Amino acid sequence: MADKIVINDLNFYYNQKQAINNLNMSIPANEIFSVIGPANSGITTLLRTLNRLCDLTPGIRIEGEIQLDNQSIYAPEVSVTELRRRVGIVFDVPTPLPMSIFDNIAYGPRLARKKNKKALAETVELALRQAALWEEVKDRLKIQAMSLSGGQQQRLCLARVLALEPEVILLDRPCSGLDPISTAKIEESLTELKKQFTIIISPHNTQQAARISDRVAFMLMGNLIEEGANMEVFSSPKDRRTSDYITGRFG
Amino acid sequence: MKKFKEKLSGRVFFVLALSTISALVLITVFIFVNGMPLIAEVGLFNFIFGMSWAPEQGQFGIFPMIVGTVSVTLGAALLGIPVGICCSIFMAEFAPAMMKNIFRPAIQLLAGIPSVVYGFWGLIFIVPAISTHLGGVGMSILAGSIILAIMILPTIISISEVSLLALPRTYKEGALALGMTHWQTIRHVQLPAAKSGIVAGVILGIGRAVGETMVVIMVLGNSVALPESILDSVRTLTTNIGLEMGYAAGRHRQALFATGIVLFVIIMILNISAQYITRKKVK
Amino acid sequence: MRITARNAEKTAKILIWTIALMVIAVLIFIIIFILYRGLPVINWNFLTEIPRRSGREGGIASPIIGTLSVTALAVLIAMPFGVGTAFYLAEYTKGGIITRIIRFCTESLAGIPSIIYGLFGFIFFLDVLGLGWSILSGGLTVAIMILPTLIRTAEESIRSVPKSYREVSFSLGGTKWQTIRKAVVPSAIRGIANGIILSVGRCVAETAALIMTAGYELIMPRSVFDSSRSLAVHFYTLVMDGISERNAYGTAAVLIILVFFINVVANMLINRFVAKGR
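Residues numbered from 1 in each chain as written. Chains lettered and ligands numbered in written order. Predicted model: local features only at pLDDT ≥ 70, side-chain atom pairs only at ≥ 80, totals over all residues. Heavy atoms only, no water.

*Asks:* Just checking my understanding: could you explain the overall build of chain B for this structure?
*Replies:* Counting secondary structure elements, chain B contains 12 helices and 2 strands. From first element to last, N terminus to C terminus, chain B shows the α and β order α-α-β-β-α-α-α-α-α-α-α-α-α-α. Taken along its principal axes, the extent of the C-alpha atoms in chain B is 75 × 70 × 30 Å. Counting all 283 residues of chain B, 53% fall into the buried class. Considering only residue pairs separated by 6 or more positions, chain B has 70% of its internal contacts joining residues 24 or more positions apart. Each charge class in chain B can be summarised by its mean position, and for the 19 positive and 10 negative side chains these summaries are 18 Å apart. (Helix = DSSP H or I, 4+ residues; strand = E, 2+ residues; numbered from the N terminus. Buried < 20%, exposed > 50% of the residue type's maximum accessible area, 1.4 Å probe, protein only. Contact = heavy atoms within 4.5 Å. Lys, Arg positive; Asp, Glu negative; His and termini not counted. Charge placed at Lys NZ, Arg CZ, Asp CG, Glu CD.)

Right, dumping it as structure tokens:
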């Protein structure tokens, strides 16, 4: 299968401090790609370079190249807003905006101004269904999104990204604060969603990575240690540090 | 279209943000342009240290008013600063939640009441009280100081309280853990640590006292003479402008603008030192 | 040794409580005193009649209109500049020399006394622009005075909008302008409104600058080019020229009630703002 995202010689700096060292990686389309590793491994930074959200942080510097469908996303002619619509992100804590459920989901499509009222309502419904939230909220789309439970809020954030009709979905430890049932629901939707989207996730533990991913990459201190198919990495890791990490010796 | 809007919004905000710069520049320029000719004519030294103010006779000395402003401000500071700091300690450390809920809006209200109302109250209460108990006409440095002290309280209290509350909890907890009493902690740890914020608040409070006009017109008696005691009447720089601007013309008007220059310079020195102290703290 | 520390603690506590309570007592005393003498004066006629014989008789209708129109004008003029500056400082700049200058000017304006504003307004709006003593001159002068309050409160409330709102909006393909309009403004609006209310309070209380720019006229103004006496100026004149103590108390009571309401509204906005921010 064709590679959706190709990363060549990526170096990332916060002021003087290097967060990612010479990273090369290819991410295939329509799979769930997990990036695992302990805290401060550069995973969040990596995800945020993929939709250029890192541009918002002052004092950063990026070297190397990231291609989406064979086009460099850091080329000057690229529209950042367009890119962010193609590559959506779900953050580690639920981040509903202080507005109704409907308005939250419709936020992205409304910014793009491509839809009439009816099409917008359909998009919202579809996104909520895909995120397995529709049944729980369909009668109260007008209530404040903040009043939902944490797990529901995180699925709302997923639905909000889906409503963009993106190509790639980034999830940065999306289940870190959630109860097991919500986590299961999100994992279930993700397995369903990979048919349509390319999913890159930073799971909150190795078990989750093992459950849902097709491919797994292990990062440590900004370096890519190992990358391969799920089974390979978890059953026969090539690198000592990888096996130490997945067996729980550190991290 | 979107890109255009994007650029335009940034530019518009920038232009709007220039308004404060242009306002300050305009104010400075117009005050100086209108006042400088007279200072140049009379001479800076004679203007500031001249003892006689008689515009009709061409005598423009504002030294008594500088003394007036300084003495009333000093009085207000002596009364207002300790009370203000005590109130901020009360708010930050001692007040139970219920008292805070009364105190905070009360201080806000205190800040919002028009100064003329304070002046009126002073005229009706403080001035007669001073006259009966201490003698004299009552309109005096003392009366002005008392009312100004009340008026500068909100400034001192709010800024000091904020800087006390902004201290890391660990300061207080660390000191208490070492066996210090609450009061020792406040005196030896929290107050020194919040010093720069408190000083900034005090300076801004003093600035308010220096610049206050209506109250001092109402309770100081406004005589142009060097005071001999706190029961004497004085005239401040602000009073001089406020009282005579209504009918002044020609050189007399210029002299009032020149008074404004002196006032402006004093205020800017206070402003800049308060800003300098606050900024140093941030660093 | 230990006993002295404990005694010091006790003494300090008692002293601070006493001082704080005394401050409250003085404030309450001032307010009650004015209201006690002033409230009986206030009735429908007092509020709706224009002053006669320099304010010895009649009411305070025209000063009320004067205050309201100067305030409305000042807030309308200052709002775009103040709020715009706040957005510039909070969203569009990362520091640098111009930002430092803007901050310096804002804080300096906040410290300049109203008599200096009066002098400036007098020479600039009355003389140079030829507007004469008028509501417009007064409004423009006070507009500059309230700029710092507006900027400070608006900037604070914009900064208190969680960073995550902005990130979410950007991550959903929002431009900067869209993000500000749809994700930041709705959450900052209460704080901005609070700043506007506080500015209204400052306009109502202003006296010195308005004497010099809006003038003393007591007849009902017909346009912003007419001179009009504000409530505070009217009160001052009633007291200082010894015109009518009775009406002075009435006017002062109206002023205090106005300021009180302004504070109540501002606090309501702040409390709901804080509650929502959680």
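*Asks:* How do you make sense of the pattern of salt bridges when you look at a structure like this?
*Replies:* Scanning the model with the defined rule gives 32 salt bridges over all chains in all. Residue Arg155 of chain A is joined to Glu136 of chain A by a salt bridge in which the shortest nitrogen-to-oxygen separation is 2.8 Å. Here Arg155 of chain A is found in helix α6 (residues 150-162), whereas its partner Glu136 of chain A is found in helix α5 (residues 134-137), with 19 residues between them in sequence. Of the residues examined, Glu136 of chain A reaches a relative accessible area of 27% and is grouped as partly exposed. Between Glu155 of chain C and Arg103 of chain C there is a salt bridge, with the nearest N and O atoms lying 3.1 Å from each other. Residue Glu155 of chain C is found in helix α6 (residues 135-159), and its partner Arg103 of chain C is found in helix α4 (residues 97-111); the two are separated by 52 residues along the sequence. We classify Arg103 of chain C as partly exposed; its relative accessible area is 27%. (Salt bridge = Lys/Arg side-chain N within 4 Å of Asp/Glu carboxyl O.)

*Asks:* Quick question: what am I supposed to make of the layout of surface pockets here?
*Replies:* Rolled over the atoms, a probe sized like a water molecule indicates the empty space that remains. Considering only enclosed or pocket space, the second largest pocket measures out at about 1300 Å³ in volume. Taken together, 35 residues make up the lining of the second largest pocket; nearest its centre are Asp55 and Leu56 of chain A together with Glu91, Phe170 and Lys176 of chain C. Counting only elements with at least two residues in the lining of the second largest pocket, the list comes to α2 (80-86) of chain A, α1 (2-42) of chain B together with α3 (61-92), α6, α7 (163-171) and α8 (176-205) of chain C. In terms of residue class, the lining of the second largest pocket is made up of 12 nonpolar, 9 polar and 14 charged. (1 Å grid on protein atoms, 1.4 Å probe; cavity = no way out; pocket = protein on both sides within 12 Å on 5 of 7 lines; lining within 4 Å. Points joined across faces, edges and corners; volume = space filled by probe spheres on them. Nonpolar A, V, L, I, M, F, W, Y, C, P; charged D, E, K, R; others polar.)

*Asks:* Would you mind going over the sheet that holds strand β4 (residues 60-68) of chain A with me for this structure?
*Replies:* Each strand in a sheet pairs with its neighbour through backbone hydrogen bonds, running either in the same direction (parallel) or in the opposite one (antiparallel). Residue and element names in this part refer to chain A. Pairing is antiparallel across the open sheet formed by 4 strands, whose spatial order is β2-β1-β4-β5. With partners counted over all chains shown, the strands left at the sheet margins are β2 (17-28) and β5 (71-72), one partner each. Looking at chain direction, strand β1 (residues 3-14) and β4 are connected through 8 bridges and run antiparallel. By the bridge assignment for β4, Asn11 is matched with Glu63. Sitting on the sheet, helix α1 (residues 43-50) touches β1, β2 and β4, and the angle it makes with β1 is about 120°. (Pairing = 2+ DSSP bridges. Axes fitted to C-alpha atoms, helices over the stretch in contact; angles between N-to-C directions.)

*Asks:* I'm lost on α6 of chain A in this one. Help?
*Replies:* Each α-helix turn comprises 3.6 residues. Residues three or four places apart therefore point the same way. Residues and elements named next belong to chain A. Helix length check: α6, at 13 residues, gives a terminal C-alpha distance of 18 Å against a target of 18 Å (1.5 Å per residue), a fit within 8%. Among the 13 residues in α6, 12 count as buried, and that is most of the element. Burial in α6 covers these residues: Gly151, Gln152, Gln153, Gln154, Arg155, Leu156, Cys157, Leu158, Ala159, Arg160, Val161 and Leu162. (Expected span 1.5 Å × (residues − 1).)

*Asks:* Looking at this structure, how should I read the packing of aromatic side chains?
*Replies:* To describe a pair of aromatic rings, one takes the distance between the centres and the angle between the planes. Under the counting rule described, the total for this entry stands at 27 aromatic pairs over all chains. Geometrically, the ring pair formed by Phe49 of chain B and Phe63 of chain B is tilted, given 5.6 Å between the ring centres and 35° between the ring planes. With Phe49 of chain B in helix α2 (residues 44-49) and Phe63 of chain B in helix α3 (residues 63-94), this residue pair connects regions lying 14 residues apart in the sequence. What makes Phe49 of chain B partly exposed here is its relative accessible area of 44%. Stacked on the ring of Phe102 of chain A, the Lys or Arg Lys142 of chain A has its end atom at 4.7 Å from the ring centre. (Phe/Tyr/Trp six-rings, centres within 6.5 Å; stacked < 30°, edge-to-face > 60°. Lys NZ or Arg CZ within 6 Å of the ring centre and 35° of its normal.)

Remember, this is a structural readout, not a statement about activity or role.
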